Amino acid sequence: MAKRWMRWQDWGAVVLGVIAALSVLWVATSVAALWSLVVFGVLLLLSGLWSLAMPGSVASEYVHIGLGVLLFISPWVLKYTDFNGAAWTSWVIGVLAVAVGAATIPVATTVHRGMAGQH
């Protein structure tokens, strides 16, 4: 069984979530940008903690990817592309969240299969 609290990719998701949520303190935002960054940041943080606590959970890695995609498209959907700092924060963190989620899927799948074999 994989050790809990050890995967760098999941810690990456936690850090990305914290940065997204707190970025509203140093970038100019609209109300939509503020809520997008805070909500998706907190959700990314929580999904990272979920992955760290349950290393065999493949679903949590797909949640990272989904949140990354939503964060990436939010500047267009919520119309805050004029706020460069908020938009670029959404785009960069969105891409990185997809990357860490995709990088962890094979590892989480292997752990999940190993855990299933123990029952």
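Keep in mind the model is a prediction, meaning the values are calculated, not measured.

## Brief notes about helix α3 (residues 58-77)
Then step 1. Between its first and last C-alpha atoms α3 spans 28 Å; for 20 residues at 1.5 Å apiece the expected length is 28 Å, and the two agree.
Then step 2. Immediately beyond the C-terminal end of α3, within one or two residues, lies Lys-79, with a positive phi of roughly 60°.

## Quick look at the packing of aromatic side chains
Then step 1. Counted by the stated rule, this structure contains three aromatic pairs.
Then step 2. Their ring planes at 65° and their centres at 5.4 Å tell us that Phe-72 and Trp-76 sit as a pair that is edge-to-face. In this pair, Phe-72 and Trp-76 both sit in helix α3, four residues apart, roughly one turn of the helix.
Then step 3. Each member of the aromatic cluster is reached from another via a ring pair, and the members are Phe-72, Trp-76, Trp-88 and Trp-91.

## A look at the packing of helix α1 (residues 8-22) against helix α2 (residues 31-53)
Then step 1. Relative to each other, α1 and α2 sit at 160°, their axes nearing to 7 Å. With respect to α2, the axis of α1 lies roughly antiparallel. For α1 against α2, the interelement crossing comes out left-handed. Only Leu-37, Val-38, Gly-41, Val-42, Leu-44, Leu-45, Gly-48, Leu-49, Ser-51 and Leu-52 of α2 make contact with α1, whose side of the interface consists of Asp-10, Trp-11, Ala-13, Val-14, Leu-16, Gly-17, Val-18, Ala-20 and Ala-21.
Then step 2. Its residues assigned to classes, the contact of α1 with α2 comprises 14 nonpolar, four polar and one charged.

What counts, and at which threshold
Residues numbered from 1 in each chain as written. Predicted model: local features only at pLDDT ≥ 70, side-chain atom pairs only at ≥ 80, totals over all residues. Heavy atoms only, no water. Helix = DSSP H or I, 4+ residues; strand = E, 2+ residues; numbered from the N terminus. Expected span 1.5 Å × (residues − 1). Phe/Tyr/Trp six-rings, centres within 6.5 Å; stacked < 30°, edge-to-face > 60°. Axes fitted to C-alpha atoms, helices over the stretch in contact; angles between N-to-C directions. Parallel < 35°, antiparallel > 145°, perpendicular 65-115°, else oblique. Left-handed = near helix turned anticlockwise from the far one by under 90°. Contact = heavy atoms within 4.5 Å. Nonpolar A, V, L, I, M, F, W, Y, C, P; charged D, E, K, R; others polar.

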